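Tertiary structure, described
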Amino acid sequence: MKEHMPPSQEDEGSPAEPKCKRRRSSESCSWDILPVLSEEESQRITLLQAYAAPVLSKKETSRLVREVSAVHSLKSLQHLKRVRACKDRGSPHPLEMLLCLALAKEKGHVPSLSELLPEGQVNSCGLGQPFLVLVPSCPPLTRPQFQEASAHWPTSFHENKEVTKALTGQQFSREEKARMQRYMEQAIEVAQQGAERGNEAVGAVFVDPATEEVLAMGHDCRKSNNPLLHATMVCIDLVAHRQGGGAYNFDSYPSCSFVASVKGNSGTGAADLFDDAGSSVLPYICTGYDLYITREPCIMCAMALVHSRIQRVFYGTPSPDGALGTRYKIHTQKDLNHHFQVFRGILEEQCQQLREKWH
Ligand SMILES: [Zn+2]
C-alpha cells in the first residue's frame, strides 16, 4: 500500500536548504519503507499432519493432557497448544486435544485411540475418535505467520514488537521518514556526480543516527582503475579516513567526502582510538551508524558492512546480485557474528530512475 508523505515542516522553513533540493523533496513524496526480514521470518509457515481427538468429557481434560503428554511429548513442537477450544467451530464437543504427529506412511488411514495411546499409560476414557489435523511445524516469528499458523492450530507467539511495527509501516515517524528521504536524496545526488565522471550511478551516505550527522558520502569509483571501489567500500574508507585511517585517495573525486570529527584533528583520531587498551578494544569502523545507499549492496560490500559492524542499512532499489535481500540476506546470516537491520524502498522510484538514466 502506498503511503502519501507530505513534505516536512522543517524543509519548508529551513533557509539553509538549497532551493532545488526543496523542490525535489516535495515532488518525490511517495515511497514505502519495507523491512528486509530473514528467510525464516519472511517465508510462509509449513504444516505437519497430526492426530487430534475431541474431548468428550471436559472434566477429564487435565488428566488427559498429563497422560498424553507423558507418552507423546511433542518436544520439537513446543509452540503448539495441546488443547483447543471448539466453541465457534459448530462442534458438539467443547475441546479438542492434540495427540501426536502422524507418520507419512499412515496417510489415509486414521488409527484408533488404542493404536495411538498405549493402554496402561493413557486411560483414553473421555476422548472421542481421532482425526487428522494440520499443525504449523515451526513457531511463528511474525504476526502474519502467527495469524496463518493459528488458523490451523492454536500456537504460542513471542511477538517481536519492532518487527510487527516495521511490517505495518509504523516503525518510523513522519519526521524520521523525512530525514531518511533527505539522506537518500544526498546519496542520489552524489551518485549523479559520480556518474558524470564515468562511474556507475551508485551513491552512499553514512549517518550517525545519534547525532543525525552525515559522516561521509561517496559514489562508485571504479573508473579510477580500482575494481573494488563500489560506493559502499568508498564510504567505509571515508569513514575510516575520518577516524584517522583509510586506505584510498579520493582527490580526483571531490564528491567523495567526509565530515571531520568534532573530536579534534583526524590525524590523531586513530591513535586515540587505539590508545592504551590496545587491540582488546579494537574499534569497528561503523558501529552504531546507518548507511543510505541508492541500491542494494553486493556480497563484497555486504560482508564489508558486517566486518565494520554497521547498525542499519537503507537502500532504494534492489540489485539483481544483491546480498541484502535479493540473492542473499547476509545481514541475517546465523553463522556470522554480526547482524544488522535492513530496510528497502526509500525513494525507490528515483533510485530506479537513476540506474536507468546512467546505463
Ligand atoms: Zn559492492
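Residues numbered from 1 in each chain as written. Predicted model: local features only at pLDDT ≥ 70, side-chain atom pairs only at ≥ 80, totals over all residues. Heavy atoms only, no water.

A look at the coordination of the zinc ion
The criterion, for reference: The rule for donors is simple: N, O or S, within 2.8 Å of the metal, or within 3.2 Å if the metal is Na, K or Ca. Water isn't counted, so a site may look like it is missing partners. Runs of E in the DSSP output that reach at least two residues are strands. Runs of H or I that reach at least four are helices, and both are numbered from the N terminus. A 1.4 Å probe rolled over the protein chains alone gives each residue an accessible area, and that area as a share of the maximum for its type sets the label: buried under 20%, exposed over 50%, partly exposed in between.
Distances from the zinc ion to its protein donors, H230 (ND1), C298 (SG) and C301 (SG), fall within 2.0 to 2.3 Å. Ordering the donors of the zinc ion by residue number gives the pattern H-x67-C-x2-C. Taken together, the residues span a long stretch of sequence, with H230 in the loop between β7 (213-219) and α9 (231-242) and C301 in helix α11 (residues 299-307) at a distance of 71 residues. Under the relative-accessibility criterion, H230 is labelled buried at 17%.

Some details on the layout of surface pockets
We apply this condition: A pocket here means an open set of points on a 1 Å grid, computed over the protein atoms alone, that has protein on both sides within 12 Å along at least five of seven lines. A cavity is instead a set of points where a 1.4 Å probe fits but cannot get out; residues with an atom within 4 Å of a point line either one. Grid points are joined across faces, edges and corners, and a volume is the space filled by probe spheres set on the points. Basically, the charged four are Asp, Glu, Lys and Arg, the nonpolar ten are Ala, Val, Leu, Ile, Met, Phe, Trp, Tyr, Cys and Pro, and anything else, Gly included, counts as polar.
Roughly 280 Å³ of volume is contained in the second largest pocket. Forming the walls of the second largest pocket are 17 residues, and the residues nearest its centre are L37, E41, V163, F340 and Q341. Sorting the residues of the lining of the second largest pocket by element identifies α7 (161-167) and β11 (341-344) as the ones contributing at least two each. Of the residues contributing to the lining of the second largest pocket, the split by class is eight nonpolar, seven polar and two charged.

Remarks on the packing of α9 against α11
Our working rule: Convention adopted: a line fitted to C-alpha atoms gives each axis, helices being fitted over their contacting stretch, and angles between N-to-C directions are expressed from 0 to 180 degrees. For classification purposes, angles smaller than 35 degrees are called roughly parallel, those larger than 145 roughly antiparallel, those between 65 and 115 roughly perpendicular, and all remaining angles oblique. It only takes one pair of heavy atoms within 4.5 Å for two residues to be counted as in contact.
Look at α9 against α11: their axes get within 8 Å of each other, and the N-to-C directions meet at 25 degrees. Overall, the two elements α9 and α11 adopt an arrangement that is roughly parallel. Here T232, M233 and I236 of α9 lie close against α11, whose contacting residues are M300, C301, A304 and L305. Among the residues forming the contact of α9 with α11, the class breakdown is six nonpolar, one polar and no charged.

With respect to the pattern of salt bridges
Selection criterion: By definition, a salt bridge exists where a carboxyl oxygen of Asp or Glu is found within 4 Å of a side-chain nitrogen of Lys or Arg.
In total, this model carries 15 salt bridges according to the counting rule given. We note a salt bridge from K329 to E39, for which the minimum N-O separation is 3.8 Å. Placement of the pair is K329 in the loop between β10 (312-317) and β11 and E39 in helix α3 (residues 39-42), with a sequence separation of 290 residues. A relative accessible area of 15% places K329 in the buried class. Note on E39: relative accessible area 46%, which makes it partly exposed. Across the salt bridge formed by E67 and R63, the nearest N and O atoms sit 3.1 Å from each other. Of the two residues, E67 and R63 are both situated in helix α4 (residues 61-71); the distance of four residues between them amounts to about one turn of the helix. Judged by relative accessible area, E67 falls into the buried class, the value being 19%. Beyond isolated ion pairs, a larger network of salt bridges with shared partners links E200, D220, R222 and R295.

Details of the packing of helix α8 (residues 174-196) against helix α12 (residues 348-357)
α12 packs onto α8 with a crossing angle of 5 degrees between their chain directions and a minimal axis gap of 11 Å. Considering the angle they form, α8 stands roughly parallel to α12. In this structure, α8 uses M184, I188, A191 and Q192 to contact α12, whose residues at the interface are Q350, C351 and L354. Residues of the contact of α8 with α12, tallied by class, amount to five nonpolar, two polar and no charged.

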